[in-house]
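Examination of the molecular architecture
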Amino acid sequence: MTDIAAVNGTQAAGQPESDRSRWIALVVLCVGMLMIVLDQTIVNVALPSIKDDLGFSQSTLAWVVNAYLITFGGLLLLAGRLGDLIGRKTIFMSGLALFTAASALCGIAQSQEMLVGARFLQGVGGATTSAVILGMIVTMFPQPRDQAKAIGIYSFVAAAGASIGLLLGGVLTQALSWHWIFFVNLPIGAVTALAAIRVVERDQGIGLKQGADALGAVLITGALMLGVYTIVKPAADDGWGAPLTLGLGAASLALLAAFIAREATARTPLVPLRIFRNRNVSGANVIQALFVAGMFGMFFLGSLYLERVLGYDPLEIGLAFLPVALAIGILSVGFSERLIMRFGAKPTLLVGQVLIVAGLILFALSPVHADYLSDLSGPMLLLGIGAGLSFPSLMGLAMSSATQEDSGLASGLVNTSLQVGGALGLAVLATLSATRTDSQLASGVSPDAALTSGYHLAFWIGAGLVTAAIAVTGLVLRSAPALAEAEAIEGAPGEPGVEGEPAYWEAA
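Definitions and limits used
- Residues numbered from 1 in each chain as written.
- Predicted model: local features only at pLDDT ≥ 70, side-chain atom pairs only at ≥ 80, totals over all residues.
- Heavy atoms only, no water.
- Axes fitted to C-alpha atoms, helices over the stretch in contact; angles between N-to-C directions.
- Helix = DSSP H or I, 4+ residues; strand = E, 2+ residues; numbered from the N terminus.
- Parallel < 35°, antiparallel > 145°, perpendicular 65-115°, else oblique.
- Left-handed = near helix turned anticlockwise from the far one by under 90°.
- Nonpolar A, V, L, I, M, F, W, Y, C, P; charged D, E, K, R; others polar.
- Expected span 1.5 Å × (residues − 1).
- Buried < 20%, exposed > 50% of the residue type's maximum accessible area, 1.4 Å probe, protein only.
- Arc of directions from axis to C-beta.
- Contact = heavy atoms within 4.5 Å.

1. Comments concerning the packing of helix 16 (residues 345-364) against helix 17 (residues 372-398)
Helices that pack against each other are described as a pair by the angle of their axes relative to one another and the distance between those axes. Running from amino to carboxyl end, helix 16 crosses helix 17 at an angle of 150°, the nearest separation of the two axes being 7 Å. Taken together, the axes of helix 16 and helix 17 lie roughly antiparallel to each other. Seen along the crossing, helix 16 lies across helix 17 with a hand that is left-handed. For the contact of helix 16 with helix 17, the residue count by class is 19 nonpolar, 7 polar and no charged.

Dropping the structure here:
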């Protein structure tokens, strides 16, 4: 592996223009990812305006978000694998075109049905675009230091985009109208597509014959879409113990079990199960699901706390979260790569997770009518620093055994664990928070205090979920010395978890 890295380094040194093109291509891919991430949060700010303009009820308004989430979360894994089979650039460009066109339809929508249908298409385009980006990045940057730096930039876009979306959504909705939160995607999508045609190299893929498992595709897509639907609709509306929730949840798990059985016996599986034999890959995806379940719920419920208790308007909410975005950016782009190379991904991840737990606990201890500078700015900064350290480490670990043939699959898996973990965590935290608030109101507590109590409970649970992620990190992930020893003992060529480990583990 060291020799291969040396050869790659020699080639890069002799081809400065090629190296420059790779970094330009990275910027193009990250702009495409930023557009997808922004869209997921920018819509939330505009929901009240959409409700009033198109006459949505409170229950039907949820479909503006749910239609997108169901297709997006359901298709990520399939889209990532299709990138490996028919070419990641082909999948990226197709998704980008569909997402941009669907954004135009959202922007001109004059009815509830048209907007929800366009959001459904947007989810398909978003999944197809984003599923392959991380896989393209790790194949573009095989050298460990460059790869760590590139993943840091990608992580900044993926993590900080949520905060930027809150700010941009407030500006566009207040200054223009909700239609412009979708129209803004048109020039970004067009410029990204034109740039990608020029600077992103086309890959051929390994061919559909290597994974043409139609039944497997139907099973995994059905399982994920049904699972996401169960989380965002019946579980949110009727509760986790409702018959419909339990029935659909059981059906989703049954489809997932059937998919695993199918992939274990298929001659050309859609998703080769060997990728899960690597404990760092499997562990990193479990950690990410717990991590985002605990942290991303804070963004949603924290926004509600700022709006409903402290009286912030959309623009002020976006500005309140700005320290999170800035800290993530500075850490992800400026320091995370150096820390990972120096200390390894696992220690860097552990420090980041501890900081996030501290930030969530401080949020849970904040007073009802908190002052931003004295009570909230500190937790915001801790969350930003923690995320800036954690996300690049997690992304690197989750992609650590990705080969040229499987990098799209690994990328789709990373995004799936992020989306499903985030949706599940938000549904659970929002439900428990609302239950706590209702209980407090029934006992005669003031509305502001009751709301704050509900949000505080959600922050405590979020801190518990991230603490569980810390435990998995310590018990499951292998440290740099352990990996080096494993390579010396088990170093059979092509063995999962050895050949595919990132070279920076050796350097750490």
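2. Regarding the environment of G222
One can find G222 in helix 10 (residues 214-232). Remark: the alpha-carbon pair of G222 and L75, spanning 147 residues in sequence, is separated by 9.1 Å.

3. So, helix 9 (residues 185-199)
Here helix 9 is 15 residues long and its end C-alpha atoms lie 21 Å apart, about the 21 Å a rise of 1.5 Å per residue gives. Regarding helix 9, the residues found buried are N185, G189, T192, A193 and A196. Looking straight down helix 9, one finds that the buried residues subtend no more than 100° of arc, so they occupy a single side. Seen from the open side of helix 9, the exposed residues pointing more than 90 degrees away from its buried face are V191, L194 and R198.

4. Some words on the environment of D203
Within the fold, D203 resides in the loop between helix 9 and helix 10. The spacing of D203 and R88 is 115 residues in sequence and 6.6 Å in space, taken between C-alpha atoms. The contacts of D203, once residues within four sequence positions are left out, are G83, G87, R88 and K89.

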